[in-house]
Amino acid sequence: MQIKTTGLVLKHRNIGENDRIVTFLTADLGVVEVSARGVKSVRSPLSGAAQLLAYSELCLYKGRQSYYILNSAETVTSFYELRLDVEKLALASYFCQLAGCLSPGAETAGEFLRLLLNTLHLLQEGKLPARQLKSIFELRALSVGGFMPNLVGCTLCGEYQKPRMAFLPLEGLLLCGDCFPGSAYDREGTILAALPEPVLAAMRHIVFSQPERLFSFRLAGESLNQLSSVTEEYTLLHTEGVFKALELFHQMELPGPGAPTPNANGESQ
């Protein structure tokens, strides 16, 4: 059975001298592994579509094998310019690793693929700060993947906005400054992040906005640093993942004014 779809390469591994197993995020099937035969040969017409970040129109064959087989492919974009910037390439690779970790199924694949493609495009064009794109992808990807936090209001009193609001990343909920003291959440070991109004507004925008307006907000300075720290902590807690590309991104990231400085515990100050 032949299947036509579109997909972006999340990762690949070499098999033998000329073959690869390529992991695609596809529009119709979700994350799938595909056998790409002969793609390491310079003469292979499929070689471009089997590179990391390549987005292509695909023709797959599904037989009795455990993998799909790549019959043909036409590359739409390779995101080539991302490969010329080590910092951007590390962040793009992190997005791919996170997508693979969340492994969206067929029902959310189209939305997830559009999110990834739009984020990579804006990263390549330098339209938004890298840390802002990181936060947008992290929080929206987790929301689409079944880990949407409850940001509507304080979990206990329901207030939408109070002078002091805090996010509990492990529980994925909000508490106001009036309700937290003495509550069941006020215990040793609770992870708590104070959210200034601009940061909370940005998080709500990421979670609840329509796809066409997802990237249409601005945040800078310490507010952007706080957003980046909160969404990253939320991501790591709920995926329990170790993302080597994220570690590389932080090593390569050029600190700007007000950039967060890790403390002894590895947390941002």
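Our structure's up above, just so we're on the same page.
All of these numbers come straight from a predicted model, not from anything done at the bench.

Structural notes on the overall build of the protein
In terms of regular secondary structure, the protein is built from 6 helices and 9 strands. In terms of overall size, the protein behaves like a compact globule, its C-alpha atoms giving a radius of gyration of 20 Å where 269 residues would be expected to give roughly 18 Å. Based on the C-alpha atoms only, the size of the protein along its principal axes is roughly 65 × 40 × 35 Å. Out of the 269 residues in the protein, the part that is buried amounts to 47%. Counting contacts in the protein only where the partners sit at least 6 residues apart, residues at least 24 apart contribute 62% of the total. When the accessible surface of the protein is summed, it comes to about 13300 Å², and 51% of that surface belongs to carbon and sulfur atoms.

Some details on the packing of aromatic side chains
Following the criterion strictly, the structure yields 5 aromatic pairs and no others. Taking the centre distance of 6.2 Å and the plane angle of 90° together, the rings of F112 and F137 count as edge-to-face. With F112 in helix α2 (residues 106-125) and F137 in helix α3 (residues 130-144), this residue pair connects regions lying 25 residues apart in the sequence. For F112, a relative accessible area of 1% corresponds to the buried category. Here the aromatic cluster, defined as three or more aromatic residues joined through ring pairs, consists of Y94, F95, F112, F137 and F243. A cation sits over an aromatic face here: R204 above Y160, 3.7 Å from the ring centre.

Quick word on α3
Look at α3: 21 Å from first C-alpha to last across 15 residues, which is about the 21 Å you get at 1.5 Å a residue. Most of α3 sits out of view: 15 of its 15 residues are buried. Just downstream of α3 lies G146, where phi reads positive at about 100°.

Here's the deal with the nonpolar core
Ranked by size, the top nonpolar core spans 65 residues in total, and within it L8, L120, M203 and L227 carry the most contacts. Broken down by element, the residue count for this core peaks at 9 residues, all from helix α1 (residues 86-102). For L120, the residues in contact, after removing those within four places along its chain, are L8, L53, F79, L82, A92 and F95. Counting 15 residues, the second largest nonpolar core, distinct from the first, contains I3, F24, V32 and V39.

So, the environment of L170
By secondary structure assignment, the location of L170 is in the loop between β7 (165-168) and β8 (173-176). Owing to a relative accessible area of 47%, L170 belongs among the partly exposed residues under this scheme. When the C-alpha positions of L170 and Y55 are compared, they lie 34 Å apart, and in sequence the two are 115 residues distant. Discounting residues that sit within four places of it in the chain, L170 has contacts with L237 and H238.

Observations regarding the packing of α3 against helix α4 (residues 197-208)
Two packed helices can be described by the angle between their axes and the distance between those axes. In contact at an axis separation of 8 Å, α3 and α4 are set at 50° when each is read in the N-to-C sense. Considering the angle they form, α3 stands oblique to α4. Note that α3 runs across α4; the crossing there is right-handed. Together, S135, I136, L139, R140 and S143 of α3 and M203, H205, I206, V207 and F208 of α4 make up the contact between the two elements. Split into classes, the residues belonging to the contact of α3 with α4 amount to 6 nonpolar, 3 polar and 1 charged.

Reading the values: rules and limits
- Residues numbered from 1 in each chain as written.
- Predicted model: local features only at pLDDT ≥ 70, side-chain atom pairs only at ≥ 80, totals over all residues.
- Heavy atoms only, no water.
- Helix = DSSP H or I, 4+ residues; strand = E, 2+ residues; numbered from the N terminus.
- Rg over C-alpha atoms; globule rule 2.2 N^0.38 Å.
- Buried < 20%, exposed > 50% of the residue type's maximum accessible area, 1.4 Å probe, protein only.
- Contact = heavy atoms within 4.5 Å.
- Areas by Shrake-Rupley, 256 points an atom, 1.4 Å probe, with all protein chains shown as cover.
- Phe/Tyr/Trp six-rings, centres within 6.5 Å; stacked < 30°, edge-to-face > 60°.
- Lys NZ or Arg CZ within 6 Å of the ring centre and 35° of its normal.
- Expected span 1.5 Å × (residues − 1).
- Core = buried A, V, L, I, M, F, W, Y, C linked by side-chain atoms within 4.5 Å.
- Axes fitted to C-alpha atoms, helices over the stretch in contact; angles between N-to-C directions.
- Parallel < 35°, antiparallel > 145°, perpendicular 65-115°, else oblique.
- Left-handed = near helix turned anticlockwise from the far one by under 90°.
- Nonpolar A, V, L, I, M, F, W, Y, C, P; charged D, E, K, R; others polar.

Function cannot be read off these values alone, since they describe shape.
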